[in-house]
Amino acid sequence: MAAGMGFMGFALSALFVIVASGLKRKEPHSSEEMELRQGMPSPMNLNDTELSVQMDLDEGKALQATLEKYAATLPEGATKDLLRSFRVCGACQNFQRFGEPNDGGYLMCMDHMYGVTAAYSMGVEHHDKWSGDVAATWHVPVYQMDCTVKEAAQVCPGCHFFRSCLSAPGGPKPAWTLAETLQHTGQGAAGDRTLFGKIDIEGSEWGALAAADVSVLRRFRQLVIEFHRLNEGFHHASYLKAMKKLEMAGLRVVHIHGNNNGPMYSAGEYQIPVVIEATFDSSAQPLAECLPDQKMRALDSPNNAVGTELPPAHLPNF
């Protein structure tokens, strides 16, 4: 960040020099330019000197507007790269909501789900309708995981509860890494793109994903993840590692939705919810250009039922 701001300071200094140069007293105008300016309409009947000063001031205002635009621009670095990684870059035609009507419900892309063999509900707490909906839709085993509760929040055919959390190596116990999770649930030999899942683990997602092997993440065809604490800029470099792992595994963002139990976070011209749900699909066709603005879907609903939806995320391409 310090290096980025240093570059920005240099750029601003250069622009100030341009402004100063533009506002210096110019050499006398040529006779042709004098005639041209005399012919310009002037409601205030400015004489030539006043007109020249006015034009210089107009140029100065234009340059000042450019300065202000550059001053508000987020410099290159981890924060900008992280926020841009949440842009929708993959196409999905058919979404379906799984889970609760409000908090605990997530949009999944139904375009490319044929042939999946198992699902993971990581972070079930006291509500897990997502597992029941998945089991009823695909009739595959669903592995429910949470170390903060003693039993499953949703009992459903084919659902299996494990009192363990998803974590990075060395995390609080009882907890497993993503690779260990697959091993302990009998999916250690699962093929690429045969699994899918939901991750809502209150901030531990960053470390768990950053530590995961890309080869393990490639076994997932689709992941719905709730990301937390995006306002903590001092963590953005480590958060970016998690997003890069998902990108390297070929998982593209096809949908985002802000959790209105938290506020918005702004950085320069970027705006994003502090807590955001993102649907990643490995089979989604890439868009010609990633979307700079969040697109609300009819199936989206506020997490806090008595509150209004957050403003849409704005993640420009520059």
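Refer to the structure printed above.
Let me sum up the structure you'll find in this document. The shown structure was predicted, so the numbers you read here are calculated from the model rather than taken from an experiment.

### A look at the overall build of the chain
A count of helical and extended segments in the chain gives 9 helices and 13 strands. Going through the 318 residues of the chain one by one, you find that 47% of them count as buried. By element, 58% of the accessible surface of the chain is carried by carbon and sulfur atoms, the whole surface being about 15700 Å².

### A word on helix H9 (residues 236–248)
Given 3.6 residues per helical turn, the α-helix brings residues three or four places apart onto the same face. For H9, with 13 residues, the first-to-last C-alpha span of 18 Å sits near the 18 Å given by 1.5 Å per residue. Regarding H9, the residues found buried are His236, Tyr239, Leu240, Ala242, Met243, Lys245 and Leu246. Here the buried face of H9 lies against helix H4 (78–84), helix H7 (205–211), helix H8 (214–217), strand S9 (220–227), strand S11 (264–267) and strand S13 (276–281). Glycine 250, located one to two residues past H9, shows a positive phi value of around 80 degrees.

### Quick notes on the state of the cysteines
Every disulfide links exactly two cysteines, by a covalent bond between their sulfur atoms. Here the structure, examined in full by the defined rule, presents 4 disulfides. Across the disulfide from cysteine 92 sits cysteine 109; the S-S distance is 2.2 Å. Between cysteine 92 and cysteine 109, the S-S torsion sits near 105 degrees, and that sign places the bridge as right-handed. With cysteine 92 in the loop between H4 and strand S1 (95–99) and cysteine 109 in strand S2 (residues 105–109), this residue pair connects regions lying 17 residues apart in the sequence. The disulfide bridge from cysteine 156 ends at cysteine 159, spanning 1.8 Å between sulfur atoms. On the sign convention where negative is left-handed, the bridge of cysteine 156 and cysteine 159, at about -95 degrees about the S-S bond, is left-handed. For the pair shown, cysteine 156 and cysteine 159 are each scored as buried.

### Focus on the pattern of salt bridges
Applying the stated criterion across every chain yields a total of 4 salt bridges. Note that glutamate 76 and lysine 80 form a salt bridge whose closest N and O atoms lie 3.1 Å from each other. Here aspartate 133 and lysine 129 are joined by a salt bridge, their closest N and O atoms 3.0 Å apart. A residue pair is termed a helical-turn pair when its members lie 3 or 4 positions apart in one helix, as aspartate 133 and lysine 129 do in helix H5 (residues 129–138) at 4 residues. Overall, aspartate 133 belongs to the buried group, its relative accessible area being 17%. Given the relative accessible area of 35%, lysine 129 is considered partly exposed.

### Some words on the environment of threonine 79
Mapped onto the elements, threonine 79 comes out in helix H4. On the accessibility criterion, threonine 79 (7% relative accessible area) is buried. Note: C-alpha distance between threonine 79 and tyrosine 270 (191 residues apart in sequence) is 9.8 Å.

### Quick notes on the nonpolar core
Core analysis: the largest hydrophobic core is formed by 50 residues, its most contacted members being Phe86, Leu178, Trp206, Phe227, Leu246, Ile272 and Phe280. The element that contributes the greatest number of residues to this core is H9, accounting for 5 residues. Contacts of leucine 246, omitting those with residues within four sequence positions, involve Leu209, Leu217, Leu223, Ile225, Phe227, Leu251 and Phe280. Core analysis: the second largest hydrophobic core is formed by 17 residues, Phe98, Val134, Cys156 and Cys159 among them.

### Side note on unusual backbone geometry
With phi around 65 degrees, arginine 193 is a residue other than glycine that occupies positive phi space. Tracing the chain through its elements places arginine 193 in the loop between helix H6 (178–184) and strand S8 (195–199).

What counts, and at which threshold
Residues numbered from 1 in each chain as written. Predicted model: local features only at pLDDT ≥ 70, side-chain atom pairs only at ≥ 80, totals over all residues. Heavy atoms only, no water. Helix = DSSP H or I, 4+ residues; strand = E, 2+ residues; numbered from the N terminus. Buried < 20%, exposed > 50% of the residue type's maximum accessible area, 1.4 Å probe, protein only. Areas by Shrake-Rupley, 256 points an atom, 1.4 Å probe, with all protein chains shown as cover. Expected span 1.5 Å × (residues − 1). Contact = heavy atoms within 4.5 Å. Disulfide = S-S within 2.5 Å. Salt bridge = Lys/Arg side-chain N within 4 Å of Asp/Glu carboxyl O. Core = buried A, V, L, I, M, F, W, Y, C linked by side-chain atoms within 4.5 Å.

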